[in-house]
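An overview of the molecular structure
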Amino acid sequence: MNWLARLACRAPVPVYPAIGRNALPQIQDWRLDARLQWTRSPRQARILLVAGDILPECRPALRRLHDQLPAPSITLWWRSTPLAGLADRAVVFEDADELGTIAGDACRSLLLGDRQGEPNLCPDEPPAPFEGRGDHGQGGEGMMGGKPYGRPMAMTAEDLRDGLELDPLEFSIGPFWPVLPPGLAARLVLHGDVIAEVEITSAPFPVDLQPVFEQALERPVPIADLEMARARNHLRQLSHSMWLSGLESASLSVLRQVQALQPHDSISGLCERLRRVGFFFSAGAGRGEISLEQAERLGGPAARAAGLEQDARTRDPEYRKLGFRPVGGRGNDCRARWQQWLDEASQALHLAGRARSSGAETSYTESVEAPRGNVQCGRYPADASAILSELLPGLEWSEAMATIASLDLAGVADPGEGRA
Amino acid sequence: MDLMLSVIAVLATLSVGAYAVAVIDRICGVAMGGEATGGAGVHDRRNPFLAPLSRAAALWLAPPHVTEAPDAAGWRLAPVLYLTLAGMGLAVVPWSETFVPVDLATGIVLWGALEPLATVLIFLHGWSPNSHLPLLGGYRYVAVGLSYILVSMFVLIAVALPAESLQVSAVVESQQELWNVVRQPLGLPLFLIVGLGISFWGPLDFADSNDLAGGTSAESSGRALLVWQFARIAMLVSFSAIAASAFLGGWMGPLLPGPIWLVIKMVFILVLLLVLGRLLPRLSPERFMTLAWTVLLPLAFVDLVWAGLEALS
């Protein structure tokens, strides 16, 4: 055993996640595991982790992602069906706690050469052939434009900002990019680092309603449980926005706080810390302003932040007894939505604390206010990713990514439609 | 003989310094609750002294990756040249009254020249893989680069004024009675921003940020990534040496020998930068540019005028 390889075995395992349905919270919990290092790009990973169910339409993208890891690499499957072509050697596991050990073993076997990597799934040829119009056969005009080797090259066209004919660049992102909601894929046209056009090519994977919210549609459930689930959800969303803005340390400590969250806990320390370091001025603040109509489509915290008083909890007398009044009205941009998450999480913890001591249960089962928005029997919040094509053009890249992260876009799956 | 000693001093400082930065950053991270600590049997992974080495070994052994039709020469050269810039910057810093690896009469100008060159190399690193997100990282860096480079120029000229010389050793000696951090209180805070900028660290990480999947290094893996990360940390080390010399009296100090004092001051600057890097979020490039041109640059003018008035009196 080579000493360098032995030293390398002690390093955290570089893993890239392909996040499927309902796997996001688990992926966030895994971020706290010191045995794993979550890479930002598949190029830096040795292990591909496919977590959760991948819808059939995204399987070709998963095949491409698989080949984007430099060989040799190993794929692990958590609650997911392995792709054809990998099924014979697939490492499938169920217990989330096992990932650290399994990934560690897999990486060690690669480092020590005990195991071959997986074969490529796509043919080794350019996705778009180097032929077509243009002086160099690249498909554009002159020496510009076209798709040489499948990578779109910039072409001149009218610019959004200053009238100079600059460099529209067209490419696709998603559906397995952890910056975006799982499943969301889009074709973009950029002018420099400003988004000019967005076309959603794949909607985010629908998310299952958490069991406690579903039960609330059938029978009274403890308000404390509902509110704790809400607080956890909002803080998880916030931690992603924080990670995106470069606050990686603070984002991890929020995730740690989420795991140990109790009713009556206070998050005022977190609010104060975020205010002090200027998080509310980070990329996205003051941008990503949604219209009232878009707010209506989104529902949930984004709508309340924008001033719509939509909250099913107001109809529940038990909530009124606890002194519940919806918070909101801070504004329609990213900053307002970050603050809304904090306000609602803080309120939820407070409500949970009071409800736990009084043992209060919901009394209204017609509809329930889930973290994503209002849910009624037979009417679940629909996917809202289409608003991105109106919302993002004109935004600089980091503002656009912060805007996407500040919205809860994925639809809620209707259990009636045969959940997997 | 002197040349050998100089080369060894610079190379050793860069490598030991980079290791020290990795260790300090990890300790800061753990103290701020920002390191993953979960999982069974991870005690040896928590060891901050071993972690940078094992990560480096893992990167060294990781497979390389090549994109379709990259500018192969540019892609390989960018990290190496960026590392070279860090070495050049460190070479003009005096370690004691007599030992200066390269005692350039225009050392301060050299530092001023390194910053735009770094911009060129960071763009090269983003452009040459022939891929979108790295290219965007490069674009973004070039867009914001000038706004902190100008600040740096004024701040460095201000420290050269009392020394009446552009030589770094003269700048250090001019602080015999009073360090520049006191004499020109605006200087060091402004210069720290330059440090974060040139090594695109923390709040000024416009080139390699999370929202670009790692930006200019999104397509890099294995040894190329290791060299790039090493170079970036080395630049931070090199910056801490020039900042310590320009504002904290460099090698000067009582009792202990000069090099020890310089190291102590470098560590102080590094801890400041690393804590700031972990604490502050990234602004949007546009907001940073507005801040740089409307607040930081005028403050740099004030710093220069202050230094001028102080030199006249």
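What you are looking at is a predicted structure, and each value in this text was computed from that prediction instead of being measured. (Residues numbered from 1 in each chain as written. Chains lettered and ligands numbered in written order. Predicted model: local features only at pLDDT ≥ 70, side-chain atom pairs only at ≥ 80, totals over all residues.)

Description of the overall build of chain B
Across its full length, chain B holds 11 helices and zero strands. Secondary structure elements of chain B occur, N-terminal to C-terminal, as α-α-α-α-α-α-α-α-α-α-α. Rg of the C-alpha trace for chain B: 19 Å, near the compact-globule value of 20 Å for 313 residues, within the 12% margin. Dimensions along the principal axes, computed over C-alpha positions, put chain B at roughly 60 × 40 × 40 Å. By residue count, 55% of the 313 residues in chain B fall in the buried class. Long-range contacts, defined here as pairs at least 24 residues apart, represent 81% of the contacts in chain B between residues at least 6 apart. (Helix = DSSP H or I, 4+ residues; strand = E, 2+ residues; numbered from the N terminus. Rg over C-alpha atoms; globule rule 2.2 N^0.38 Å. Buried ≥ 20, exposed ≤ 12 C-beta atoms within 10 Å, placed from the backbone. Contact = placed C-beta atoms within 7 Å.)

Thoughts on the pairing of strand E11 (residues 367-370) of chain A
All names here are of chain A. Judged from the four bridges that link them, E11 and strand E12 (residues 373-376) form a sheet pairing that is antiparallel. The residue of E12 that forms the bridge with Ser-367 is Gln-376. Counting the residues between successive antiparallel strands, the hairpin from E11 to E12 contains two residues. (Pairing = 2+ DSSP bridges.)

Observations concerning the domain arrangement of chain A
Residues and elements named next belong to chain A. As assigned here, chain A comprises domain 1 (3-111), domain 2 (139-202) and domain 3 (211-417). Placing a centre on the C-alpha atoms of domain 2 and another on those of domain 3 gives a separation of 32 Å. Listed per partner, the contact involves 14 residues of domain 2 and 16 residues of domain 3. Broken down by element, the side of domain 2 that touches domain 3 gets its largest block of residues, seven residues, from strand E10 (residues 194-202). Among the residues forming the side of domain 2 that touches domain 3, the class breakdown is 11 nonpolar, no polar and three charged. (Domains from an automatic or database assignment. Nonpolar A, V, L, I, M, F, W, Y, C, P; charged D, E, K, R; others polar.)

Considerations on the sheet that holds strand E4 (residues 74-78) of chain A
All names here are of chain A. What the five strands build is an open sheet, ordered E2-E1-E3-E4-E5; its pairing is parallel. Because the sheet does not close on itself, it has two edges, and the strands there are strand E2 (36-38) and strand E5 (91-93). Across this sheet, the average inter-strand angle for adjacent strands is 30°, counted without regard to direction. With five bridges joining them, strand E3 (residues 47-51) and E4 adopt parallel strand pairing. The residue bridging Ala-51 from the neighbouring strand is Trp-78, located in E4. In the packing of helix H4 (residues 99-111) onto the sheet, the strands contacted are strand E1 (13-19), E2, E3, E4 and E5, and the crossing angle to E4 comes to about 165°. (Axes fitted to C-alpha atoms, helices over the stretch in contact; angles between N-to-C directions.)

Quick look at the interface of chain B and chain A
Each partner contributes to the interface: chain B provides 55 residues, whereas chain A provides 55 residues. Per-element tally for the side of chain B that touches chain A: the top contributor is helix H2 (residues 51-61) of chain B, with seven residues. Of the residues belonging to the side of chain B that touches chain A, the class tally is 25 nonpolar, 18 polar and 12 charged.

Quick look at the sheet that holds strand E9 (residues 185-191) of chain A
Each strand in a sheet pairs with another by means of backbone hydrogen bonds, the pair being arranged parallel or else antiparallel. All names here are of chain A. Strand order in this open sheet of three strands is E8-E9-E10, and the pairing throughout is antiparallel. One side of each edge strand has no neighbouring strand; the edge strands of this open sheet are strand E8 (168-173) and E10. On average, adjacent strands in this sheet sit at an angle of 15° to one another, irrespective of strand direction. Where E8 lies against E9, six bridges are found, and the strand directions are antiparallel. By the bridge assignment for E9, Leu-169 is matched with Leu-190.

Examining the packing of helix H8 (residues 187-198) of chain B against helix H10 (residues 258-279) of chain B
Residue and element names in this part refer to chain B. Their axes nearest at 11 Å, the elements H8 and H10 cross at an angle of 70°. In terms of their interaxial angle, H8 and H10 are classed as roughly perpendicular. Between H8 and H10 lies a crossing of right-handed hand. Side by side, H8 and H10 meet where Leu-192, Gly-195 and Leu-196 of the first sit next to Leu-272, Leu-273, Leu-276 and Gly-277 of the second. In terms of residue class, the contact of H8 with H10 is built from five nonpolar, two polar and no charged. (Parallel < 35°, antiparallel > 145°, perpendicular 65-115°, else oblique. Left-handed = near helix turned anticlockwise from the far one by under 90°.)

Quick notes on the packing of helix H6 (residues 223-244) of chain A against helix H7 (residues 248-259) of chain A
Residue and element names in this part refer to chain A. The geometry of H6 relative to H7 is characterised by a closest axis approach of 8 Å and an angle of 165° between their N-to-C directions. What the angle tells us is that H6 and H7 run roughly antiparallel. Crossing handedness for the pair H6 and H7: left-handed. On the side of H6, the interface is formed by Arg-232, Leu-235, Arg-236, Leu-238, Ser-239, Met-242 and Trp-243, while H7 contributes Glu-248, Ala-250, Ser-251, Val-254, Leu-255, Gln-257 and Val-258. Considered class by class, the residues forming the contact of H6 with H7 number eight nonpolar, three polar and three charged.

A word on helix H14 (residues 397-405) of chain A
The buried fraction of H14 of chain A is high, at nine of nine residues. Here H14 of chain A has its buried residues at Trp-397, Ser-398, Glu-399, Ala-400, Met-401, Ala-402, Thr-403, Ile-404 and Ala-405 of chain A. Where the residues of H14 of chain A are buried, they touch E10, H6, helix H12 (334-358) and helix H13 (388-391) of chain A together with helix H5 (132-163) and helix H11 (285-312) of chain B.

What about unusual backbone geometry?
Put simply, Ala-71 of chain A and Pro-72 of chain A share a cis peptide bond, and its omega is 0°. Considering the arrangement of structural elements, one finds Pro-72 of chain A in the loop between helix H3 (59-68) and E4. Here Gly-174 of chain A and Pro-175 of chain A are connected by a cis peptide whose omega angle stands at 0°. Here the phi dihedral of Phe-200 of chain B falls at roughly 35°; this positive angle occurs in a residue that is not glycine. Position of Phe-200 of chain B among the secondary structure elements: in the loop between H8 and helix H9 (222-247). What makes Phe-200 of chain B buried here is the crowd of 23 C-beta atoms within 10 Å.

A closer look at H12 of chain A
Here H12 of chain A contains 25 residues, and its C-alpha end-to-end distance of 36 Å stays within 8% of the 36 Å for a straight helix at 1.5 Å per residue. The positive-phi residue at the C-terminal boundary of H12 of chain A is Gly-359 of chain A, with phi of around 70°. (Expected span 1.5 Å × (residues − 1).)

Some details on the environment of Ala-143 of chain B
All names here are of chain B. When you line up the elements, Ala-143 lands in helix H5. Assessed through the 18 C-beta atoms surrounding it within 10 Å, Ala-143 is described here as partly exposed. With 50 residues separating them in the primary sequence, Ala-143 and Val-93 have C-alpha atoms 29 Å apart.

Quick word on the nonpolar core
Inside soluble globular proteins, nonpolar side chains tend to come together where they are buried. With 221 residues, the main nonpolar core has Ile-47 and Ile-195 of chain A together with Val-151 and Ala-234 of chain B as its most contacted residues. In terms of residue count, the dominant contributor to this core is H9 of chain B (19 residues). For Ala-234 of chain B, the contacting residues outside a window of four places in its chain are Leu-14, Gly-17, Ala-18, Leu-83 and Ala-86 of chain B. (Core = buried A, V, L, I, M, F, W, Y, C linked by C-beta atoms within 7 Å.)

Description of the environment of Ala-224 of chain B
Residues and elements named next belong to chain B. As for its placement among the helices and strands, Ala-224 is situated in helix H9. Accessibility expressed as a C-beta count within 10 Å gives 24 for Ala-224, which makes it buried. Between the C-alpha atom of Ala-224 and that of Arg-26, which follows or precedes it by 198 residues, the distance is 22 Å. Excluding residues that lie within four positions of it along the chain, Ala-224 makes contacts with Pro-64 and Pro-79.

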